[in-house]
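One-letter residues, chain by chain:
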Amino acid sequence: MTDTFRITLAQLNPTVGGIEGNAALAREAWAQARAAGADMIAFPEMFLSGYQLQDLVLRPAFQADVAAALAALAADCADGPVIGIGAPHVAGGRLYNAWHVLEGGRVAAVICKHHLPNSDVFDERRQFTAAPVSGPYRVGPLRIGTPICEDAWHPDVVETLSE
């Protein structure tokens, strides 16, 4: 990696529940980022699955489909920019709202959301587990902190990432 770090921000329009179509959008955007010389491409919260998922995210078959799509996306995009992409994540029998860092054909890091909104149209406390605050992850020599939506508004998360 050079002294320059180029990031592509992919603010696209995923379809709720449309894992295959959303993955295709991600592959297309990744190819464009690669052609532009980006080191990383960043997608929004829950991009791969779409958002708001309501109870669809609680179905084990849907969770397995998301995990398979993440693994396939990582493998297909192994030789180019690192991908940061939001999707549900299951670990230790718990479900998290997470952001996955795909690098070198694998999921290199998973950052799980700490502060879950539960007002207006949001019901994340019923759907997801609040994770401990995550620190930065590495992309090459850089340490990058990525708060997931609500987490950006809370000093405990932002302070941890800035350290």
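Residue positions are counted from 1 within each chain, in the order its sequence is given. Where local features are concerned, this predicted model is filtered to residues with pLDDT of at least 70; where side-chain atom pairs are given and counted, the filter is 80 or more; whole-chain, interface and lining totals use all residues. Here the side-chain values reflect all heavy atoms present in the structure, with hydrogen atoms and water set aside.

*Asks:* Give me the pairing of strand S5 (residues 106-112): which residues, what numbers.
*Replies:* One bridge is not enough; two strands pair if DSSP finds at least two bridges between them. Under the scheme used here, helices are H or I runs from DSSP no shorter than 4 residues and strands are E runs no shorter than 2 residues, and both carry numbers assigned from the N terminus. Across six bridges, the pairing between strand S4 (residues 94-103) and S5 is antiparallel. Residue pairing for S5: Val 101 is matched across the bridge by Ala 109.

*Asks:* With reference to specific residues and values, describe the packing of aromatic side chains.
*Replies:* For Phe, Tyr and Trp, where Trp contributes only its six-membered ring, two rings pair if their centres lie within 6.5 Å, and the inter-plane angle classes them as stacked under 30 degrees, edge-to-face over 60, or tilted in between. Counted under the stated rule, the structure contains three aromatic pairs. Their ring planes at 40° and their centres at 4.9 Å tell us that Phe 43 and Phe 47 sit as a pair that is tilted. By the burial criterion, Phe 43 is buried, and Phe 47 matches it. For the ring pair Trp 99 and Tyr 137, a centre distance of 6.0 Å and an interplane angle of 45° mean the geometry is tilted. Here Tyr 137 lies in strand S6 (residues 137-139) and Trp 99 lies in strand S4, a separation of 38 residues in the sequence. With respect to class, Trp 99 is no different from Tyr 137; both count as buried. Three exposure classes are used, based on accessible area relative to the maximum for each residue type with a 1.4 Å probe and protein chains only: buried under 20%, partly exposed in between, and exposed over 50%.

*Asks:* Any details on the pairing of strand S3 (residues 82-91)? Residues and values, ideally.
*Replies:* Buried residues dominate S3, accounting for seven of its 10 residues. Sheet analysis places strand S2 (residues 40-42) next to S3, joined by three bridges and oriented parallel. Looking at the pairing, Met 40 lines up with Val 82 of S3. Alignment of S3 against S4, held across nine bridges, turns out to be antiparallel. Counted as the bridge partner of Val 90 is Leu 95 from S4.

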